[in-house]
Amino acid sequence: MIDGMKIVALVLFFLSFFTAPVAYAQVSATPFLNQLQIVTDPLYPSPQSEIGVNLNDYGLAGAGGTIEWVVDGVRRSDLHNKRSFTITTGATGVPMVLEAMITPANGPRMTARNTISPTYLDLIIEAQTRVPGFYLGRALPSIGSAVNVTALINGTAVSPRDLLFRWQMNETALLGGPVQGQNQVTFTMPQGGATLGVVVERVGGGVIASKNIFLQNAEQTVRFYEVNSLYGMAKRSAERLSLIGNSTTVRAEPFHLDIRTYNNPDIATWSSSAITLSQGTNPYEATIVRQAGLTGVGAVGFHVRNENQILQGSQASLQVSY
Amino acid sequence: MKKTFIIAGAVILVLMLAGLWIYMMFFGTPRTVEEVLPDFALWGEDGMPVQIPVIAPTTTAPLPMVNVNEKALRQLTTRPVAGYREVLKSASSTPELYYAEVGTGHIYSINLETGAEVRVSGTTIPEAVRADFSSDGRHVVIASGFSQGHTATIGELDASTGALTEVPFTDTLGDFRITEGGDLLYTHPSNTLTGKTFSLSNRTTRTLFTLPFRDATISWGERVTDTHFVYPRPTMELEGFGYAINNGGLTRLPLSGFGFSLFGNESLVGANFLDKNDFVSVFYNRSTRNLISSPVRLLPEKCTFGTKNKTIVWCGASLQATGFGFPDTWYTGEVGFSDDIYEISLTSTSSSLTLITDTLIETGREVDIVDLRVNPTETQLYFINKNDSSLWAYDLSR
């Protein structure tokens, strides 16, 4: 029995010599394992985008040899002897096959191959911060606010439910590690911003796409708008106001304030100089009242803040001529 | 004796003068002789006071008239407008422009031939902010609520009686429009964003698509079955991406960037985004996959494709620099534009630009164009001036 096993081991050992060169030629995009590699920049390109292609010859076996390129089965004479060039990828999901053949001065021909499957990996950022109802733009993340991120992948036939998502925010792995089908994640914006990254892999292995972005904390601002009791809020914000009638109502609208702070502010105060203010039940609204017989210029201020997260807050002032 | 008569006569005269004085003090100075005489009953055929005929005021005030014929570019309303549509009640009727007033939801009609404006519906829908009408004018959708979250009122309009009959509808509305075929397309925000259609004729609801993200803007197609386009709400701080929605599926377009927005039809997509620190606008041909540079800034709020000729685009655009922070600063109302109207003609490889009108020169006012539309015959452009929400028109046939 032991002799039989020795024979099997010897056969397998000799077989590996025949299969190794074949495997050696079929390179993947994983570095450090193969000496001849075709590497793209970016590593996981998007469709219809210009990418850089580099032929990495770590073993220097091809030094002094000629380099021929074949793109999608077509020999490219314009890329003769080039180790790097730029090329435009195809449409979504349409693969591009790159082959490089090095014929050294002394030695056998070597071939490297890389198949690019251009894929869109979009990270859609949605912050849980407050913007007014008329605002057509997107709410931005600010310090301490919750941020929802959705990864949308286009260009692979694999359903997101069958993909592994590995999320990372700064140095922290979110969700404890790769999770199948988890293309959405929520985190709290730290001070100094967040570097968010995601790697999308097949369950059986093989990275499809990856992306890293930097999110900075948005500055929270307050803008003032005149309010008409019938027609609602003006569409242009005011930095200066001329009091024509006896009174006017203004609303202070914070932008990108954490929605929890907006709904329950520790500080939401109005201040005025040389102006009479009256307030109702809405802490973000005040009525400026003309004082009879007086003319001049005054100022109205508004301050909103979360006392537990002192950087969540803003203040602004409005000049009023009366 | 003679002396007595004189004194008596003088006393009587004094008493008469005193009585006259007292009368005039309490009853005022008569303006006309006729006003004096009846009080004394001195004239009249039968000695009775003369009756002054009372002229009854007319009960019908003349209709307010909108000048629809003076210039190609004209302001149609001073009332702020929540939404409008050129309607044709029947094939033989005169086109009318229906609009809903902000805040009240009252509906008015402007006869585009005579300029007469009438109030079609006085039903008040408080805090009306946006509206749309069906092409026959029979239905109106009004979103109300000055704060976040709009409730919807769908009404069936009887133009002859002014009655607005509410159609049962409970969903909250995001982006919406009514198609030419009489279907309401709308988004329903919840944990995700769902696109739905509500048939105004048979009052059934159907889900068209569900988006995995909520802060999205939809550019609706002309019909329910057309391609609709979606993108995350624009901001210069975050990247946006364009998608086409067909049969409930989301397909990524090769268009993306910071400050990204788009609008499109079945063959062309117009997009605006930040590229290397400057905003660029391009047209993307969905068939040939070519990108065509746009000579003016394309914003979905300020542009519209032709209804008959799909390769024509009209845009309100300004050549002034956007400044740092665009488009966020425009959405907050911090900056505004003084827009001109341009017509862009597209071929498969190029675009050509024609200036239609310089609004500042024509009107002396800054007009910040939003909600630009062209009528079905491509003879009129309509838009709202963001500065005061007034409704304007431009006659393309001149």
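Since this is a predicted model, take the numbers as computed values, not measurements.

About the thresholds
- Residues numbered from 1 in each chain as written.
- Chains lettered and ligands numbered in written order.
- Predicted model: local features only at pLDDT ≥ 70, side-chain atom pairs only at ≥ 80, totals over all residues.
- Heavy atoms only, no water.
- Helix = DSSP H or I, 4+ residues; strand = E, 2+ residues; numbered from the N terminus.
- Buried < 20%, exposed > 50% of the residue type's maximum accessible area, 1.4 Å probe, protein only.
- Pairing = 2+ DSSP bridges.
- Axes fitted to C-alpha atoms, helices over the stretch in contact; angles between N-to-C directions.
- Disulfide = S-S within 2.5 Å.
- Contact = heavy atoms within 4.5 Å.
- Buried area = accessible area lost by both parts, 1.4 Å probe.
- Salt bridge = Lys/Arg side-chain N within 4 Å of Asp/Glu carboxyl O.
- Polar contact = N/O pair within 3.5 Å; in protein donor to acceptor, adjacent residues only side chain to side chain.
- Core = buried A, V, L, I, M, F, W, Y, C linked by side-chain atoms within 4.5 Å.

Novice: Tell me about unusual backbone geometry, and name the residues and values.
Specialist: The omega angle of the peptide bond from aspartate 41 of chain A to proline 42 of chain A is 10 degrees, so this bond is cis rather than trans. Counting through the fold element by element, proline 42 of chain A comes out in the loop between strand E1 (36-41) and strand E2 (50-57). Cis geometry is adopted by the peptide bond preceding proline 327 of chain B, which originates at phenylalanine 326 of chain B and carries an omega value of 5 degrees. Its place among the elements puts proline 327 of chain B in the loop between strand E22 (312-317) and helix H3 (328-332). The phi dihedral of glutamine 48 of chain A is positive, around 50 degrees, even though this residue is not glycine. Mapping glutamine 48 of chain A onto the fold places it in the loop between E1 and E2. The partly exposed category is assigned to glutamine 48 of chain A, whose relative accessible area is 32%. Here asparagine 247 of chain B, not a glycine, exhibits a phi torsion of approximately 50 degrees, which is positive. On the basis of relative accessibility, which here comes to 85%, the residue asparagine 247 of chain B falls in the exposed class.

Novice: Got a sec to walk through the sheet that holds E22 of chain B? Specific residues and values, please.
Specialist: Residues and elements named next belong to chain B. In spatial order, the strands read E21-E22-E23-E24; together these four strands make up an open sheet with antiparallel pairing. Across the chains shown, the open sheet's two edge strands, defined by having one partner strand only, are strand E21 (303-305) and strand E24 (351-357). Recorded for the sheet is a direction-independent mean angle of 20 degrees between the axes of neighbouring strands. Bridge count for E22 against strand E23 (residues 340-346) is six bridges, and the pairing is antiparallel. Across the sheet, alanine 317 pairs through a bridge with aspartate 340, a residue of E23.

Novice: Quick rundown of the state of the cysteines? Include the residues and the values.
Specialist: Covalent bonding between the sulfur atoms of two cysteines defines a disulfide. Residue and element names in this part refer to chain B. Scanning the entire structure with this criterion turns up one disulfide over all chains. In this model cysteine 303 forms its disulfide with cysteine 315; the gap between the sulfur atoms is 2.0 Å. As the torsion about the S-S bond is roughly 115 degrees, the cysteine 303-cysteine 315 disulfide counts as right-handed. With cysteine 303 in strand E21 and cysteine 315 in strand E22, this pair connects stretches of sequence that are 12 residues apart.

Novice: Which residues make up the interface of chain B and chain A, and what values go with them?
Specialist: Listed as interface residues are 39 residues of chain B and, on the opposing side, 37 residues of chain A. Where chain B abuts chain A, roughly 3,400 Å² becomes buried across the two surfaces, and 52% of that area is made up of carbon and sulfur atoms. For the chain B face of the interface with chain A, the top three residues by lost area are Leu238, Arg252 and Thr332 of chain B, together amounting to 17%. In this structure, glutamate 239 of chain B engages lysine 211 of chain A in a salt bridge whose closest nitrogen and oxygen atoms are separated by 3.6 Å. The interface formed by chain B and chain A includes 19 residue pairs in polar contact (both at pLDDT 80 or more). For the side of chain B that touches chain A, the secondary-structure elements that each account for two or more residues are strand E16 (239-246), strand E17 (249-264) and H3 of chain B. Sort the elements by how many residues they give to the side of chain B that touches chain A and E17 of chain B lands first, with five residues.

Novice: I'd love a proper account of the nonpolar core, names of residues and values included.
Specialist: Core analysis: the largest hydrophobic core is formed by 27 residues, its most contacted members being Leu76, Tyr84, Leu97, Tyr99, Trp330, Tyr382 and Leu391 of chain B. If you look at the next biggest cluster of nonpolar residues, it comprises 26 residues, including Ala151, Trp167, Val185 and Ala209 of chain A.

Novice: Let's hear about the pairing of strand E12 (residues 193-199) of chain B: which residues, and what values?
Specialist: Residues and elements named next belong to chain B. Across the seven residues of E12, seven count as buried, placing the element largely inside the fold. Neither face of E12 is exposed, since Leu193, Gly195, Thr197 and Ser199 on one face and Thr194, Lys196 and Phe198 on the opposite face are all buried. Pairing of strand E11 (residues 183-189) with E12, which is carried by seven bridges, proceeds in the antiparallel orientation. Bridging from a neighbouring strand, proline 189 pairs with leucine 193 of E12. Between E11 and E12, which pair antiparallel one after the other, the connecting turn spans three residues. Of the pairings in the sheet, the one linking E12 to strand E13 (residues 205-211) comprises six bridges and is antiparallel in character. Within E13, the residue paired with threonine 197 across the bridge is arginine 206. A loop of five residues connects E12 with E13, the two strands running antiparallel in sequence, and arginine 203 in this loop sits at a positive phi of about 60 degrees.

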